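Single-letter residue listing:
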Amino acid sequence: HMENVKSKKNLKFVRSLDSLDWMDLGTENIIHKVCEHKALEPGAIILMHTGTKYTKEALGPVIRNLKKKGYRFVPVSKMIYRNNYRMDPAGKQIKY
């Protein structure tokens, strides 16, 4: 599938961690799941959904907590390598 994606000049993104917000387990659960996730690291892509019951309430606290930990929020377009990279099996870009 990757060749098809590249041929259409589309970029493939893989989330680093899933907030599991779609499970509707509550605001505190989402905050904990994201802010304490073992895959949380610089460059992480966090999957959160629109239209779920608790995501809107959790978003502000998640952002505040992650900023306190020193993380910044940037558009994905600022994170990706467009040239001279390969994808590892987990979907992470590795610069040559």
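Our subject is the structure listed above.
Here's what I pulled together on the structure shown here. (Residues numbered from 1 in each chain as written. Predicted model: local features only at pLDDT ≥ 70, side-chain atom pairs only at ≥ 80, totals over all residues. Heavy atoms only, no water.)

This paragraph deals with a nonpolar patch on the surface. Together, W22, M23 and L25 give the surface a local cluster of nonpolar side chains, amounting to about 320 Å² of exposed area. Mapped onto the fold, M23 is located in the loop between β1 (17-18) and α2 (27-35). Judged by its relative accessible area of 38%, M23 is partly exposed. (Patch = residues over 30% accessible without salt bridge, like charges linked within 9 Å, V, L, I, M, F, W, Y side chains within 5 Å. Areas by Shrake-Rupley, 256 points an atom, 1.4 Å probe, with all protein chains shown as cover. Salt bridge = Lys/Arg side-chain N within 4 Å of Asp/Glu carboxyl O. Helix = DSSP H or I, 4+ residues; strand = E, 2+ residues; numbered from the N terminus. Buried < 20%, exposed > 50% of the residue type's maximum accessible area, 1.4 Å probe, protein only.)

Let us now look at unusual backbone geometry. Excluding glycine, residues mostly have negative phi values, and the peptide bonds linking residues are mostly trans. Even without glycine at this site, D24 takes up a positive phi of about 55°. Topologically, D24 is positioned in the loop between β1 and α2. Unusually for a residue other than glycine, N84 sits at a positive phi of about 55°. Residue classification places N84 among the exposed positions, given a relative accessible area of 52%.

Tallying each qualifying case throughout the model produces 1 salt bridge. Notably, a salt bridge pairs K69 with E36, separated by 3.3 Å at the nearest N-O pair. With K69 in the loop between α3 (55-68) and α4 (76-79) and E36 in the loop between α2 and β2 (46-47), the pair connects residues that are 33 residues apart, well separated along the chain.

The subject of this paragraph is the packing of α2 against α3. Close contact between α2 and α3 brings their axes to 9 Å; oriented N to C, the two are set at 35°. For α2 against α3, the interelement crossing comes out right-handed. Between α2, through T27, I30, I31, V34 and C35, and α3, the contact on the second element is made entirely by T55, E57, A58, P61, V62, N65 and L66. Split by residue class, the contact of α2 with α3 holds 8 nonpolar, 3 polar and 1 charged. (Axes fitted to C-alpha atoms, helices over the stretch in contact; angles between N-to-C directions. Left-handed = near helix turned anticlockwise from the far one by under 90°. Contact = heavy atoms within 4.5 Å. Nonpolar A, V, L, I, M, F, W, Y, C, P; charged D, E, K, R; others polar.)

Time to look at the side chain of T55. One can find T55 in helix α3. Not counting residues up to four positions away in its chain, the partners in contact with T55 are D21, I30, M48 and H49.

Taking 1.5 Å of rise per residue, 14 residues should cover 20 Å, and α3 covers 20 Å from first to last C-alpha, within 8% of that figure. Taken as a whole, α3 has its buried residues at T55, A58, P61, V62 and L66. All buried residues of α3 fall inside an arc of 130° around its axis, so they share one side. Relative to its buried face, α3 has exposed residues pointing more than 90 degrees away, namely K56, E57, R64, K67 and K68. Against α2 and β2 lie the buried residues of α3. G70 lies just past α3 and shows a positive phi near 100°. (Expected span 1.5 Å × (residues − 1). Arc of directions from axis to C-beta.)

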